Amino acid sequence: MINYGRQFIDDEDIQAVVDTLKSDFLTQGSKVPEFESAVCDRVNAKFAVAANSATSALHLACLAVDLKEGDIVWTAPNTFVASSNCALYCGAKIDFVDIDKDTWNMCPDKLRIKLEESKQKNLLPKVVIPVHFSGQPTIQEEIYKLSKEYNFIIIEDASHSIGSSRNNEPSGSCKWSDIAIFSFHPVKMITTGEGGIALTNNEEYAKKMDLFRSHGISRDSNILEKNDLPKYYYEQHSLGFNYRMTDIHAALGISQLRKLDKFIDTRNKIASRYDSELKELPLHLPYIAEGNKSSYHLYVIKVKDTFSKQKSRDKIYSELIEMGIGVNLHYLPVHLHPYYRKLGFCDNQYPVSENYADNALSIPIFYSLTDDQQTKVIDSIKQALK
Ligand SMILES: *Cc1c(COP(=O)(O)O)cnc(C)c1O
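Residues numbered from 1 in each chain as written. Predicted model: local features only at pLDDT ≥ 70, side-chain atom pairs only at ≥ 80, totals over all residues. Heavy atoms only, no water.

**Here we look at helix α2 (residues 31-43)**
- Compared with an ideal rise of 1.5 Å per residue, which puts 13 residues at 18 Å, α2 spans 18 Å between its outermost C-alpha atoms and is within 8% of the ideal.
- Residues Val32, Phe35, Glu36, Val39, Cys40 and Val43 constitute the buried set of α2. Projected down its long axis, α2 carries its buried residues within an arc of 135°, all on one side.
- Residues of α2 that are buried in the fold lie against β2 (47-51), β8 (169-170), β9 (179-183), β10 (196-200) and α8 (247-257).
- Two residues or fewer past α2, Asn44 is found with a positive phi of approximately 70°. (Helix = DSSP H or I, 4+ residues; strand = E, 2+ residues; numbered from the N terminus. Expected span 1.5 Å × (residues − 1). Buried < 20%, exposed > 50% of the residue type's maximum accessible area, 1.4 Å probe, protein only. Arc of directions from axis to C-beta. Contact = heavy atoms within 4.5 Å.)

**A few points about the site of the ligand**
- Around the ligand, the surrounding shell holds 15 residues, and the nearest of these are Thr55, Asp157, His160, Ser183 and Lys188.
- Between the ligand and the protein, one listed contact pairs a nitrogen atom with a side-chain N or O atom of Ser159 at 3.3 Å.
- A distance of 2.7 Å is found between an oxygen atom of the ligand and a side-chain nitrogen or oxygen belonging to His160.
- Here the ligand loses 93% of its free accessible area of 380 Å² to cover by the protein chains.
- Broken down by secondary-structure element, the contributors of at least two residues to the shell around the ligand are α3 (54-64) and α4 (82-89).
- For the shell around the ligand, the class distribution of residues is five nonpolar, eight polar and two charged. (Near = heavy atom within 4 Å. Polar contact = N/O pair within 3.5 Å; in protein donor to acceptor, adjacent residues only side chain to side chain. Areas by Shrake-Rupley, 256 points an atom, 1.4 Å probe, with all protein chains shown as cover. Nonpolar A, V, L, I, M, F, W, Y, C, P; charged D, E, K, R; others polar.)

**As for the nonpolar core**
- Ranked by size, the top nonpolar core spans 36 residues in total, and within it Leu67, Ile155, Ile179, Ile181 and Met209 carry the most contacts.
- The dominant element in this core, judged by the number of residues it contributes, is α3, at eight residues.
- If near-sequence neighbours (up to four positions away) are discounted, Ile179 is found in contact with Ala61, Ala64, Val65, Ile154, Ile155, Glu156, Cys174, Ala198, Leu199, Thr200, Tyr205 and Met209.
- With 27 residues, the next largest nonpolar core counts Leu278, Leu320, Ile363 and Phe366 among its residues. (Core = buried A, V, L, I, M, F, W, Y, C linked by side-chain atoms within 4.5 Å.)

**With respect to the pattern of salt bridges**
- Taken as a whole and judged by the stated rule, the model has 20 salt bridges.
- For the salt bridge of Glu34 with Lys31, the shortest nitrogen-to-oxygen distance reads 3.4 Å. With Glu34 and Lys31 both in helix α2 and three residues apart, this pair spans about one turn of that helix.
- Its relative accessible area of 25% is what places Lys31 among the partly exposed residues.
- When salt bridges that share partners are traced, they join Asp10, Asp13 and Lys259 into one network. (Salt bridge = Lys/Arg side-chain N within 4 Å of Asp/Glu carboxyl O.)

**Regarding unusual backbone geometry**
- Note that the residue after His330, namely Tyr331, is joined by a cis bond; omega there is 0°.
- Along the polypeptide, Tyr331 turns up in the loop between β16 (325-326) and α12 (338-342).
- Non-glycine residue Ser134 carries a positive phi angle of around 70°.
- Relative to the elements of secondary structure, Ser134 occurs in the loop between β5 (127-129) and α6 (140-150).

**Structural notes on the sheet that holds strand β17 (residues 360-363)**
- Strand order across the open sheet formed by three strands is β13-β15-β17, with antiparallel pairing between neighbours. Across the chains shown, the open sheet's two edge strands, defined by having one partner strand only, are β13 (283-284) and β17.
- With four bridges connecting them, strand β15 (residues 299-303) and β17 associate as antiparallel partners. Paired with Ile301 across the two strands is Leu361, which belongs to β17.
- Contacts from helix α9 (residues 260-278) reach β15 and β17, with the element oriented near 20° to β15.
- In the packing of helix α13 (residues 351-359) onto the sheet, the strands contacted are β15 and β17, and the crossing angle to β15 comes to about 95°. (Pairing = 2+ DSSP bridges. Axes fitted to C-alpha atoms, helices over the stretch in contact; angles between N-to-C directions.)

**Overview of the packing of helix α1 (residues 11-21) against α8**
- For the pair α1 and α8, the least separation of the axes is 8 Å and the interaxial angle reads 150°. Our classification of the angle between α1 and α8 gives roughly antiparallel. Between α1 and α8 lies a crossing of right-handed hand. Taken together, the residues of α8 that come into contact with α1 (itself represented by Glu12, Asp13, Ala16, Val17, Thr20 and Leu21) are Asp247, Ile248, Ala251, Leu252, Ser255 and Gln256.
- Classifying every residue of the contact of α1 with α8 by side-chain character gives six nonpolar, three polar and three charged. (Parallel < 35°, antiparallel > 145°, perpendicular 65-115°, else oblique. Left-handed = near helix turned anticlockwise from the far one by under 90°.)

All we've got here are geometric facts, nothing functional implied.
Structure, rendered in structure tokens:
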């Protein structure tokens, strides 16, 4: 089975992990800060706070902006549940903005209309969480403009988009946002096993995320209430968590980050081959908006409505799995999960996301996907769409 995504680990990665295992510190040593500054340098952000997952980092971001009960958060339905769950962890209310039918990202026009309507009802969001779906950046400068007009905070769920850029601005630079989150799960562009990171140019947010990731405990003499005591002394100032990344994971991350450019180049080459070899089929292929460079975390094909009447996506899915092609769906819209339905969401609320999810398939794309495997993927799709 050729899975839709997989990690690439070489001898340097293995050696980096082994070296850390043999060192004095497995956690809270020098590797996490080294990884944080390497990611900052790569994406041109001022501060980074690494965590044990992107889910934890999203929660840290919500805590840093002081998200509370009664606050409202908006994200897109076409995402992994973590983009939305982070709001619920803080007791906030979640709502969604439908996607654009071409980019499959949160639609800035629909966002503007929903903001206008919500202003009348006094239901404006405190935080909006755009997701750079599949690695394609959202039209972030427009969302940023709206954030100034309607006074909301932007936390980018950039889990798919390390290595992407918009108008040459790297994803994660936070030029058009307050905080951005990357994921280092093995199917993402680079991996730490499990792991995530929050980037920001706001020092106060960075300090808060750093405190919340480690129990709310501080040893910083500038903020301790008593600072005349020996070094063993520390204080807990807020109710934090243990969301720390280990040095073992960070060592892997440092080594992986050195390969990011070649990973992204290869993913883009595979995407252009798919673009040209699948273009005659009854499929919508990824549409990349002007100014965007995608990391191609995912390559999604969407069966055209006319064809899906003849053969459903689920039938095509089963046939491809049968042929050894590990296709998948990203994503079942968040609002349609049983947990979210219990919060009051229902069918037909976000029709573009729902139509997308009825017809989409993620096909294999990753660094070590060979030419022959790509050919097999292409031939199998042609076969299934006959
Ligand atoms: C992978 C992913 C996450 C969660 O990342 P973890 O590191 O697995 O916690 C969040 N949001 C999106 C959009 C993702 O794809």
